[in-house]
Amino acid sequence: DAGITQSPRYKITETGRQVTLMCHQTWSHSYMFWYRQDLGHGLRLIYYSAAADITDKGEVPDGYVVSRSKTENFPLTLESATRSQTSVYFCASNPGVGRYEQYFGPGTRLTVT
Amino acid sequence: QQPVQSPQAVILREGEDAVINCSSSKALYSVHWYRQKHGEAPVFLMILLKGGEQKGHEKISASFNEKKQQSSLYLTASQLSYSGTYFCGTEALLSGGSNYKLTFGKGTLLTVNP
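It should be emphasised that the depicted structure is a prediction, and the values quoted were computed from it without experimental measurement. (Residues numbered from 1 in each chain as written. Chains lettered and ligands numbered in written order. Predicted model: local features only at pLDDT ≥ 70, side-chain atom pairs only at ≥ 80, totals over all residues. Heavy atoms only, no water.)

Please explain the overall build of chain A as it appears in this structure.
Within chain A one finds zero helices and eleven strands. In chain A, the succession of α and β elements from N to C terminus is β-β-β-β-β-β-β-β-β-β-β. By the compact-globule yardstick of 13 Å for 113 residues, chain A fits well, its C-alpha radius of gyration being 13 Å. Taking the principal axes of its C-alpha atoms as reference, chain A extends roughly 40 × 25 × 25 Å. A burial count over chain A gives 50% of its 113 residues as buried. Taking contacts inside chain A between residues at least 6 apart in sequence as the whole, the part at least 24 apart equals 54%. Side chains of chain A give 11 positive and 10 negative charges; the mean places of these two sets differ by 6 Å. (Helix = DSSP H or I, 4+ residues; strand = E, 2+ residues; numbered from the N terminus. Rg over C-alpha atoms; globule rule 2.2 N^0.38 Å. Buried < 20%, exposed > 50% of the residue type's maximum accessible area, 1.4 Å probe, protein only. Contact = heavy atoms within 4.5 Å. Lys, Arg positive; Asp, Glu negative; His and termini not counted. Charge placed at Lys NZ, Arg CZ, Asp CG, Glu CD.)

This is the structure:
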């Protein structure tokens, strides 16, 4: 019973490189979310998805791309990483259908040099 | 727009009480509360829905004032395990019902000392 997992857990990359963060959940939850967490800002929503092939922007989507071809996977891609994208990234899922709590993955700490 | 949490930080001795407030400028459908311990993921505590009741979870309870778009989290007889950062997450009131999309506050750091 893995729940929700993220990979890699830690990543160091250089400015300008493309990076993909993976998120996988085993519950078949409808909703999935990507947040970034920075000191002094709390959790900010990057993108979310209501179902496979349905995605929408959150508060801070610039510089990020998402896809969701399968219910269980929700990868986040930084097309050309910048130092301002250094952050801790959390993926979360929610079952929908009247259940409101979000379940968070363990996070990915990304450093862009 | 992020909800505003207050205070930003609070230090307690074990057994003391605390109140954390969350205020939004938007009409709300729900308010969520999460706790995050250092180096870990946020964990859901409770949700308060528009028109719902005050909720409780062990010695932690919360209220939601729909008219003022404010919620408060009450921690009574605090324990060492209550230490962490508390976030409120708000869901805007939409005509189509819930879209499960939250906007989080910046958090309140709670430290409970022996």
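What should I look at first to understand the interface of chain A and chain B in this one?
How big an interface is tends to be stated in terms of accessible area lost as the parts join. With 25 residues of chain A at the contact, the number on the chain B side is 22 residues. For the pair chain A and chain B, the summed buried area comes to about 1800 Å², and 61% of that belongs to carbon and sulfur atoms. Of all residues in chain A, the largest losses of buried area upon contact with chain B belong to L43, Y100 and F104 of chain A, amounting jointly to 34% of the total for that side. For the pair chain A and chain B, the interface holds zero salt bridges. Taken together, the connections running from chain A to chain B amount to five residue pairs in polar contact (both at pLDDT 80 or more). When contributions to the side of chain A that touches chain B are tallied by element, the ones reaching two or more residues are β4 (31–38), β5 (42–51) and β9 (87–94) of chain A. When residues in the side of chain A that touches chain B are grouped by element, the largest group, five residues, is from β5 of chain A. (Buried area = accessible area lost by both parts, 1.4 Å probe. Salt bridge = Lys/Arg side-chain N within 4 Å of Asp/Glu carboxyl O. Polar contact = N/O pair within 3.5 Å; in protein donor to acceptor, adjacent residues only side chain to side chain.)

Looking at this structure, I do not really get the state of the cysteines. What am I missing?
Here, the word disulfide means a covalent bond between the sulfur atoms of two cysteines. Residues and elements named next belong to chain A. In the structure shown here, the tally under the stated rule is two disulfides over all chains. A sulfur-sulfur separation of 1.8 Å characterises the disulfide bridge that pairs C23 with C91. With the S-S dihedral at roughly -75°, the linkage between C23 and C91 falls on the left-handed side. Of this pair, C23 sits in strand β3 (residues 19–25) while C91 sits in strand β9, and the two are 68 residues apart along the sequence. In terms of burial, C23 and C91 fall into one category: buried. (Disulfide = S-S within 2.5 Å.)

Explanation requested: the side chain of Q36 of chain B in the structure shown.
Considering the arrangement of structural elements, one finds Q36 of chain B in strand β4 (residues 28–36). For Q36 of chain B, a relative accessible area of 8% translates into the label buried. Engagement of the side chain of Q36 of chain B in a polar contact is seen with the backbone oxygen of E40 of chain B, the distance being 2.8 Å. Non-local contacts of Q36 of chain B, meaning those with residues more than four positions away in its chain, are made with Q37 and F90 of chain A together with A41, P42, G84, T85 and F87 of chain B.

Sorry if this is basic, but what is going on with the nonpolar core here?
The nonpolar side chains of a soluble globular protein tend to be buried with one another. Residue and element names in this part refer to chain B. Counting residues in hydrophobic clusters, the biggest one holds 21 residues, and the most contacted among them are W33, L73, L75, Y82, Y86 and L110. Among the elements of the structure, β2 (9–13), β3 (18–23), β4, β5 (43–49), β7 (60–65), β8 (70–75), β9 (84–92) and β11 (108–113) are those that each provide at least two residues to this core. With residues up to four places along the chain from it excluded, the contact list for Y86 reads Q5, I20, Y34, R35, L45, L73, L75, G107, T108 and L110. (Core = buried A, V, L, I, M, F, W, Y, C linked by side-chain atoms within 4.5 Å.)

Can you help me understand the packing of aromatic side chains in this one?
When we look at a pair of aromatic rings, we describe it by the centre distance and by the angle of the planes. Following the criterion strictly, the structure yields 15 aromatic pairs over all chains and no others. Arranged with centres 5.4 Å apart and planes meeting at 80°, the rings of Y35 of chain A and F104 of chain B form a pair that is edge-to-face. Placement of the pair is Y35 of chain A in strand β4 and F104 of chain B in strand β10 (residues 103–104), with the two residues belonging to separate chains. (Phe/Tyr/Trp six-rings, centres within 6.5 Å; stacked < 30°, edge-to-face > 60°.)

Is there a simple way to explain the pattern of salt bridges in this structure?
Note on pairing: side chains with opposite charge can pair once their charged atoms come close. Residues and elements named next belong to chain A. Applying the stated criterion to the full structure yields three salt bridges over all chains. Among the salt bridges present, the one from E14 reaches R17, with a minimum N-O distance of 3.4 Å. Taking relative accessible area as the criterion, E14 reaches 44% and is therefore assigned partly exposed. Measuring nitrogen to oxygen at the nearest pair gives 2.9 Å for the salt bridge that ties D38 to R44. When sorted by exposure, D38 lands in the same class as R44, which is buried. A single salt-bridge network, built from bridges that share partners, covers R36, D38 and R44.

No statement about biological role is implied by the geometric values presented.
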